[in-house]
Structure formats: structure tokens, C-alpha cells
Amino acid sequence: MSMQSQPASAKSGRRSFFKGAFAVVITGIAALVPSLAAFFVLTDPLRRAGESISSVRVTSLEALPNDGVPRKFPVLAPRTDAWNKYADAPIGAVYLRRTGERSVEALNVVCPHAGCFVDFSGERGQFICPCHNSSFKVDGSRAALTSPAARGLDSLEVEVRADGSVWVRFENFEAGRAEKIPVA
Amino acid sequence: MKGALDWLDQRTGFRQLVEDLFFANIPGGSRWRYATGTAVIFCIFIQFVTGVALWLSYSPSTQTAWESVNYLQNHVAGGWMLRGLHHYTAQILPVVLALHLMQVVIGGAYKAPREVNFWFTLLLIQVVLFMALTGYQLPWDQKGFWATKVAMNILGIVPVIGQKLQTILIGGPDYGQLTLTRFFGIHAGILPGTLIALLIIHAYLFRRHGFKGAQSSRKPDAPFWPDQALRNAVVCLAIAATLSFLIVRHRLFGTSGPLGAELGAPADPSEPYSAARPEWYFLFLYQFLKYFPAQMEIMGAIIIPGIVMTIIFLMPFIGRSPSGHRFNIGFLACVFVCAGLLASIAFSGDAHNSSYQAAVKAARLEAERVKQLADSPTGVPAGGAITLLRNDPFTQGPKLFAKNCASCHRYNGHDGLGNFVKDPQHASDLADFGSRAWLAGLLDPECVSSTNYFGATKLRDGKMPKFVKTKVAHYMPEQKAQLQKVIAAVSAEAQLKSQALSDAHDAADIVEGRALFRDAIGCADCHQLREPDENATAPDLTGWGSREWLVKFLNNPAHPNFYGDHNDHMPAFGEKQILTSQSIGLIADWLRGDWYEPAKP
Ligand code: FES
């Protein structure tokens, strides 16, 4: 019964307000301890620097005929997946097209719309995305303005070395944007 | 007994609870359509029971997720039933929820004082949809992997936070281990926890307001028990029966399809999956997205669905007037009809899309194959089932052939994968390469100059076709018989699996054939067979068509042991590093028909 409120004087009213406020703040601080720990762990991927990108050997010039038709090649590179390290993991794929005796163009196969892999259709001479029908010309630019993709296929840096091997600096870019923003 | 129950009742008041639950008054009496709520609860109950059992069988990592699901599906008694139940309940739950929502809105049960409870229903629907989204990729098969990837990329277009949210959800810039642990934790922990909390509040509010009966009913009121309870029980049974039917339907009708839920080939980030589609109840959204040009997809994916959702959330206020109520019913019906329409456009689009159909078929075959390999005596290696497929000549051979060989060669007239090739055929058809039949064709004066052998290469004018056309063409029957033995001898070098029986059976002929090769027929003028000859000018036939021979040949056909300077266009796949030695081995094995085949039952 003693817990029941007495006729409140101004003083005890203020005191109980402070008590209440303290109770709220202290509980809040206590709850923060586990919540912060969880928060930091869950947002850890945001603070992790992406793996540094270096060129990888994809194929050799001999594998690229001079017919102007792009060929698809898997890209194998060292990859760290959380606690696993792979020496040679498939990290993506590129379309390579020979544009001259020793020049090659490389396009990431990932559709810039939402990330499906595009297919090159020999009949239409275009890249077609099987997901929402974006189409791209052979050089990667958008073939139809109605394509849901906001930009053309992403070109990648290629280098043809003296021994005829083709090296690509493989990168992925954020989907759904008009600009090429590398995925960190 | 009674004493014990009294004791318990005094402390818990359960009698009152039971009384309230079972004898709650239903204004206007029991009806079938009141059972939709129970149907929802029953489906969620199934998901919890099967979900927990699945949880106890599942191992979320990129090397074990598919493997553990495959084990459950194919090697644990009743595993297919368990997966099937969980899968198909997820398939019908959206329908049940839609019916329930429809019933609540038509019956006016969303109006005061039940607004808050209505909102909880809506939240519950969203949680269920998120569960479906996060559950789709847990088996880590191609289908779920690629469909979820697209869904996550669409999330990524949300301004400002989209990309960050995506990175947190998938645990990094790329799909991997953390994607699985996170999706699994969300699917099996966070969302079910939220669901239970929502259900408890929902049940509390429901008890507070009781049944919302029909407004103008001439039927008398009735308690829940037993009339409505019986109807609800029948509905639950109908759901269980529907699920069981869906699970076994392919066996019932003998159609091709899995028992229970489908399990595709293991996820492979480097193997595109052209048959990627979301679950059917997201298909409308998928189709909707196609209508939005670049950069506008945020309208289709987020803004318009958001507006629709907001209107539904506001229904309790809109519905205060009779015309508002009618608007609500019409609006909801409209939403469902539009969604259905969009989904059916997507369905029929895919049904008429031959490349999609081909992709589905290829995916099925691959899934079937990897299952065979996982069941083979080798089993699933610790590195995961993905390596099984990557090292399998049966599936990889044709792909490699189509990509690297089919611009000149053919396989039974096609590119190895069964596709027609536009480019003219430059070199031999390699189906059955190494077999007696193939060799007999080469030595047939009618065939040797056809495109299936030397026809389109510069070797067409070489010594071999000349020999066949000038000498073999005039063979006497006795010489023809000798030639057969030589063919058997050379073909035996290939040691083809398909010819093992006849090679063993004709062992004597083969020995004789080798001697004829050297002395009688005149092959040894140019070729060597098991006897080194420095002056040989034509390919070495020792081990011709064997794995070793083919690998060496593919490494460099212009090697002096093979075509030397006569080589016409064929690249040195190994020496020039066009293909890895692994790929070369896969092509050789595939051409030789050498791959794992499960024992016939
Ligand atoms: S992902 Fe390519 S069109 Fe949508």
C-alpha cells in the first residue's frame, strides 16, 4: 500500500520525474550493450575494403577468331570468401571480341539492369538478357532505348601481352544505375 | 483428475480461456468463408513444423547447403515429403492469405474497432513474403541463386540505402558464405520470431473484439464450437490433401518432374542460368518491371507497390462510408486481377519463348546429372558438389565442343549441344570418333572426301584420300576382309568403353590386323602402329583415339607425331593455352564416351 501515490507535493513530483528519466536512460544504456555488438558485426561488410583488383589472364588471342563475334570466357581469379581462400575461383565471365590483329574488347557479361548474365544471339547479332529482355549491340551499347538496363554492358580494361595472352582487369559494377560505379 | 485441473485453473484461468476460444459467439452462425483465418494459421503451423525439421537437416555454407538438401531429398526416408510440404505450403500460402484478406475486407472486418488488427494482418502478409524471398536461395541451387540475385539487385536500386542494405544482407560485395548464414538466420530466426510476435498480438486483438459476423444475417448466432470448428478442420484437411497431391502429382500422372520440391544443380556464379524466374507469386512484379524503361524501375519495384500497400493500409479510414467500403472491395479485387493478369502474361510469354524453354530443359538435365554423380560411388567431395559437375565430361564435353570445336567440326551434324551451326563445316564429324564405324567411313571411297572426314580441309588432296579412292576402291573381297581386320586393330587402340565387348571378342582378328597393317595393306608406308618408324609422315596411330592420344593431339596437332606441316587450321589448344589441360581432358573423355553412368536399375 505504501507504493500507492501519496498526495504529491511539487518536490516529490520532480523527484519521481528524475527517477523515471534515469530508469529510462539506464535501461537504454544496458540495452545498448548487446545491440551495439550486434550492430557492428552485422554492418561489418560495409567497412571491409574490397579485394584489390588486378588483371587476370583470361585466354589467348588464338582463341578469338577474327569474325567479329564475341566469345564468352570464365574469369578465374584468387578470391577470399569470408573464411575461405580460393586460388582459382570463378569470379565472373567476360565476352571478348577481336577488333583487330592485336586488339580485343572485353565486356562484363552481367546485365547492368539487375545482374543476370546476357547471352549473345548470333542470329540477331545482339546481346540479349534472358531476364527482362534488355538488348545490347555487339559493342555493348544499348540496342533499344526501351531496354530496362540503364546503361550499356560494362566494358573492362583489356591488355594483349607480347606472348598473345589476353588479360582483363575484371570488375563488377552496381546494377540499375546509369553510371558505372564499381562494387566495392 | 478434477482436483488437479481445478488447481491448474486457479493458477492459470485456462477454463475461461478455453471457454472464450471454443464458445466464442459468431454472429449469424458459422460459415465456410470464416475458415480462411484458420487456413492461414494451419499453413504457418505446417511451415513451423517442417521448417524446424529442415533446420535440423540443413548446413548453411557454399560447400554444404546444396549437399545437405540433396542428402535430405534423396537419401533420408521421407525427406522429399518434408521438403515438398515446406515448399508447396509456401506456394499456396499467398493464395490463402489473399483469400483471407479478401474475406476480411468484404466482411468489413477491417473497420472500427478492428483497424489495428487489420494492420497486423497486412504486416503478417509482408513477413510471409519476405520469408519466401529469403528461403528461395537456401538450397543454393542455380534457380534460387540467380533469382535471388536479381531480387537483391532490385533492392540495390533504392536510393541512398539500397546498396548498403544489399551489402549487409549478402554479407559482402559478392555472394558467398555469409550470404547463406545471413539469409538462413533471417529466414529461420528473425522472420519467424517476428511472425510469432505478430500472431500473438493478432490473437490478442482478435479475442478483444471477437468475430465479426455477417452484417445482415437472418441466421441465428452460434458458438464457434462445434460448427465452425468442424468447417475449419475440413479446410485444414483439404489443404493437407492439396499439398500431398502437389507433392506426388508427377508420380501420379507419370509426368517428368520431381517428387516434392525441385532441386536444381548447385549454384555456380560463373554458369549463367537463363531460366531464372522468381516464385510464381512474385512473377507479376517481375513482369511489371519489364514495362519500366531504364532508371524507372524504382517506380515499378518500389513506388507503385508502395502506393498500393499504403492504400490498403488506409482502408479502415476509407471504408468509413459505404461508398468507401465499396471502393475498398473494388480496389483490392482490381489489385488481385491485375497481379493475376501480369503473372499470366509472364507465364504465357515464357511458354512461347523457345530459348527460355531450352534453358529450363538444360537446367533439368543438369540437375538430374548432378544427382546421379552425387549418388555415384565417388559421392560428394568435401569441396562440394559443384566440382562434380565441373569435372563431368558428359555435361561439360558438349559445351566445350560447341564453343571451341564446332566452328569447324560437327558432332552428328550439330554443335555437340544439339544446335544447328550456321558456319559451313570445315572438318570432320567427330561423333563416334575412334570407333570401327567411324574408321570404316574414313576408309570408304564414297565417304572419305565428304565433309564428315577430309572433305573441307587441305588434307582432302593428301595421300590418304588418294589411297582410299585409288586402292581401296578396287579391293577384292578378300582384301576387304583384311581391311576389316585392320580397322578392328586400329580402332582397338582407342579402347572405347562402347567397343570393349567386341574388342575382346575379336582379339585374334585384332592381332592379325596389326600384322596386316604393317605388311599387306600398306598403312605402314606412312603411319606407325606400335612400331616406331622414323620415316613415318602421317599421324602416329599408336593409341589412336585413346585418351592419351587425343590429349596429345589437342595439345598440338601440328606435332611431328601427328599432322606436322600438313596440319590445316587446327589450333594447338594446349600449347597455345587456349584450353586448360582439364578442359582438354574433358573433351577427350566426352568424345570417347567415357563418363560415369549409373547402373541401370
Ligand atoms: S537483368 Fe537483364 S534485363 Fe533485367
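Residues take numbers from 1 onward in each chain, read along the sequence in its written order. Chain letters start at A and ligand numbers start at 1, both assigned in the order the entries are written. For a predicted model such as this one, the threshold for reporting local features is a pLDDT of at least 70, and the threshold for listing and counting side-chain atom pairs is 80 or more; totals across whole chains, interfaces and linings nevertheless cover every residue. Hydrogens and water molecules were not included; the side-chain quantities draw on all heavy atoms of the structure.

**Digging into the nonpolar core**
General note: in soluble globular proteins, nonpolar side chains tend to be found buried as a group.
Right, so step 1: Within this scheme, the nonpolar core is defined by two criteria: the residues are buried Ala, Val, Leu, Ile, Met, Phe, Trp, Tyr or Cys, and they are joined through side-chain atoms within 4.5 Å. Summary of the burial criterion: residues with accessible area below 20% of their type's maximum are buried, those above 50% are exposed, and those between are partly exposed, where the area comes from a 1.4 Å probe applied to protein chains only. V94(A), L96(A), F401(B), W438(B), L439(B) and W544(B) are the most contacted members of the largest nonpolar core, which has 64 residues in total.
Right, so step 2: Core analysis: the next-biggest nonpolar cluster, separate from the first, contains 53 residues, Y95(A), I154(B), F183(B) and L373(B) among them.

**Overview of the interface of chain B and chain A**
Right, so step 1: Residues are treated as being in contact if the distance between any of their heavy atoms lies within 4.5 Å. At the junction of the two partners, chain B supplies 44 residues and chain A supplies 47 residues.
Right, so step 2: When two parts are brought into contact, each loses some accessible area as probed by a 1.4 Å sphere; the total of that loss over both is the buried area. Of the roughly 3600 Å² buried at the junction of chain B and chain A (both faces included), carbon and sulfur atoms supply 56%.
Right, so step 3: Among the residues chain B hides against chain A, the three largest losses belong to Q163(B), Q177(B) and K403(B). Together they make up 13% of the total.
Right, so step 4: The term salt bridge refers to a pairing of a side-chain nitrogen on Lys or Arg with a carboxyl oxygen on Asp or Glu at a separation within 4 Å. Viewed at the interface, chain A and chain B are joined by one salt bridge.
Right, so step 5: The closest approach of N and O atoms between K576(B) and E62(A), which form a salt bridge, is 3.6 Å.
Right, so step 6: Under the rule applied, a polar contact is a pair of N or O atoms within 3.5 Å (in protein, one hydrogen donor and one hydrogen acceptor; residues adjacent in sequence only if both atoms are side-chain atoms). Counting the contacts that link chain B with chain A gives 15 residue pairs in polar contact (both at pLDDT 80 or more).
Right, so step 7: When residues of the side of chain B that touches chain A are traced back to their parent elements, those giving at least two are α7 (142–156), α8 (162–170), α9 (177–209) and α11 (283–290) of chain B.
Right, so step 8: A total of six residues in the side of chain B that touches chain A trace back to one element, the largest contributor, which is α7(B).
Right, so step 9: In this count, Pro and Cys sit with the nonpolar residues alongside Ala, Val, Leu, Ile, Met, Phe, Trp and Tyr, while Asp, Glu, Lys and Arg are called charged and the others, Gly among them, polar. Taken together, the residues that form the side of chain B that touches chain A break down as 17 nonpolar, 15 polar and 12 charged. Helix and strand definitions here come from DSSP, where helices need a minimum of 4 consecutive H or I residues and strands a minimum of 2 consecutive E residues; each element is numbered from the N-terminal end.

**With respect to a nonpolar patch on the surface**
Residue and element names in this part refer to chain B.
Right, so step 1: On the surface, a cluster of nonpolar side chains totalling about 520 Å² of accessible area is made up of L17, V18, L21, F22, F23 and W225.
Right, so step 2: With four residues, helix α2 (residues 14–22) is the largest single contributor of residues to the nonpolar patch.
Right, so step 3: Turning to its location among the elements, L17 is positioned in helix α2. Residues qualify for a patch when their relative accessible area is over 30% and they have no salt bridge, like charges being joined within 9 Å and the nonpolar side chains of Val, Leu, Ile, Met, Phe, Trp and Tyr within 5 Å. Note on areas: Shrake-Rupley, 1.4 Å probe, and residue coverage restricted to the protein chains presented here.

**Some points on the sheet that holds strand β8 (residues 155–160) of chain A**
Residue and element names in this part refer to chain A.
Right, so step 1: Read across the sheet, six strands follow the order β1-β9-β8-β4-β3-β2 without closing on themselves; strand pairing throughout is antiparallel. One side of each edge strand has no neighbouring strand; the edge strands of this open sheet are β1 (55–60) and β2 (71–81). Taking each pair of neighbouring strands and ignoring which way they run, the sheet shows an average axis angle of 35°.
Right, so step 2: A pair of strands is considered paired only if DSSP assigns at least 2 bridges between the two. In terms of strand pairing, β1 meets strand β9 (residues 165–169) through five bridges, oriented antiparallel. Residue pairing for β9: R57 is matched across the bridge by W167. Only C-alpha atoms enter the line fits that serve as axes; for helices the fit covers just the stretch in contact. Angles between N-to-C directions range over 0 to 180 degrees.

**Some details on the environment of I46(B)**
Residues and elements named next belong to chain B.
Right, so step 1: When you line up the elements, I46 lands in helix α3 (residues 36–55).
Right, so step 2: Residue classification places I46 among the buried residues on the basis of a relative accessible area of 8%.
Right, so step 3: In the structure, I46 is positioned 324 residues away from V370 in sequence and 30 Å away in space, judged by C-alpha atoms.
Right, so step 4: I46 has contacts with G51, T89 and L243, leaving out every residue within four places of it along the chain.

**Overview of the packing of helix α4 (residues 65–75) of chain B against helix α5 (residues 79–106) of chain B**
Residues and elements named next belong to chain B.
Right, so step 1: The N-to-C vectors of α4 and α5 enclose an angle of 115°; their axes lie 5 Å apart at closest approach. On the side of α4, the interface is formed by V69, L72 and Q73, while α5 contributes G79, W80, L82 and R83.
Right, so step 2: Split into classes, the residues belonging to the contact of α4 with α5 amount to four nonpolar, two polar and one charged.

**Examining the pattern of salt bridges**
Opposite charge on two side chains lets them pair, provided their charged atoms get close.
All names here are of chain B.
Right, so step 1: Considering all chains together, one arrives at 30 salt bridges over all chains under this definition.
Right, so step 2: The residue R460 makes a salt bridge to D461 at a minimum N-O spacing of 4.0 Å.
Right, so step 3: Given the relative accessible area of 62%, D461 is considered exposed.
Right, so step 4: Of the charged contacts, one joins R518 and D519 as a salt bridge, the two residues approaching to 3.2 Å between their closest N and O atoms.
Right, so step 5: Take R518: its relative accessible area is 40%, and that puts it in the partly exposed class.
Right, so step 6: One network of salt bridges, with partners in common, ties together K2, D6, D9 and R15.

**Here's the deal with α8(B)**
Right, so step 1: If you check which residues of α8(B) are buried, you get G162(B), Q163(B), Q166(B), T167(B) and I170(B). The buried side chains of α8(B) occupy one side of the element, clustering within an arc of 130° when seen end-on.
Right, so step 2: Against α2 (44–47) of chain A together with α7 and α9 of chain B lie the buried residues of α8(B).
Right, so step 3: Once α8(B) ends, the next one or two residues include G171(B), with phi positive near 75°. Think of it as the arc spanned by the lines of direction from the helix axis to the C-beta atoms.

**A short note on the side chain of D415(B)**
Residue and element names in this part refer to chain B.
Right, so step 1: Within the secondary structure, D415 is located in the loop between α16 (393–404) and α17 (436–442).
Right, so step 2: The charge count treats Lys and Arg as positive and Asp and Glu as negative. His and the chain ends do not count. Of the side chains with opposite charge, R410 lies nearest to the buried D415, which makes no salt bridge, at 8.2 Å.
Right, so step 3: A distance of 3.2 Å separates a polar side-chain atom of D415 from the backbone nitrogen of G418.
Right, so step 4: When sequence neighbours within four positions are dropped, the list of residues in contact with D415 reads P398, F401, A402, A406 and V421.

**Focus: the packing of aromatic side chains**
Right, so step 1: Only Phe, Tyr and Trp rings are paired, with Trp represented by its six-membered ring, and only when their centres lie within 6.5 Å; those with planes under 30 degrees apart are stacked, over 60 edge-to-face, the remainder tilted. In total, this model carries 34 aromatic pairs over all chains according to the counting rule given.
Right, so step 2: With a centroid separation of 5.1 Å and an interplanar angle of 55°, the aromatic rings of Y281(B) and F282(B) are classed as tilted.
Right, so step 3: Owing to a relative accessible area of 7%, Y281(B) belongs among the buried residues under this scheme.
Right, so step 4: On the accessibility criterion, F282(B) (15% relative accessible area) is buried.
Right, so step 5: An aromatic cluster of at least three residues, connected via ring pairs, comprises F433(B), W438(B), Y453(B), W544(B), W549(B), F553(B), F562(B) and Y563(B).
Right, so step 6: By definition, being over a ring means that NZ of Lys or CZ of Arg is both within 6 Å of the ring centre and within 35 degrees of the ring normal. Directly above the ring of F173(A) sits K180(A), whose terminal nitrogen or CZ lies 4.8 Å from the centroid.

**Concerning the pairing of β8(A)**
Residue and element names in this part refer to chain A.
Right, so step 1: Sheet analysis places strand β4 (residues 104–108) next to β8, joined by two bridges and oriented antiparallel. Looking across to β8, one finds that A106 is bridged to L156.
Right, so step 2: Pairing analysis gives four bridges linking β8 to β9, with the strands arranged antiparallel. For E159, the partnering residue across the bridge sits in β9 and is W167.

**Remarks on the state of the cysteines**
Right, so step 1: In this description, the term disulfide denotes a pair of cysteine sulfurs within 2.5 Å. Scanning the model with the defined rule gives one disulfide over all chains in all.
Right, so step 2: The disulfide partner of C116(A) is C131(A), and the gap between their sulfur atoms is 1.9 Å. The chirality of the disulfide connecting C116(A) with C131(A) is left-handed, given an S-S dihedral of about -85°. Separated by 15 residues along the polypeptide, C116(A) in the loop between β4 and β5 (119–121) and C131(A) in the loop between β6 (126–128) and β7 (135–136) bring together distant segments of the chain. Like C131(A), C116(A) is buried.
Right, so step 3: Free of any disulfide, C236(B) has its nearest neighbouring cysteine sulfur in C43(B), separated by 8.3 Å.
Right, so step 4: Classification of C236(B) by relative accessible area gives buried; the value is 15%.

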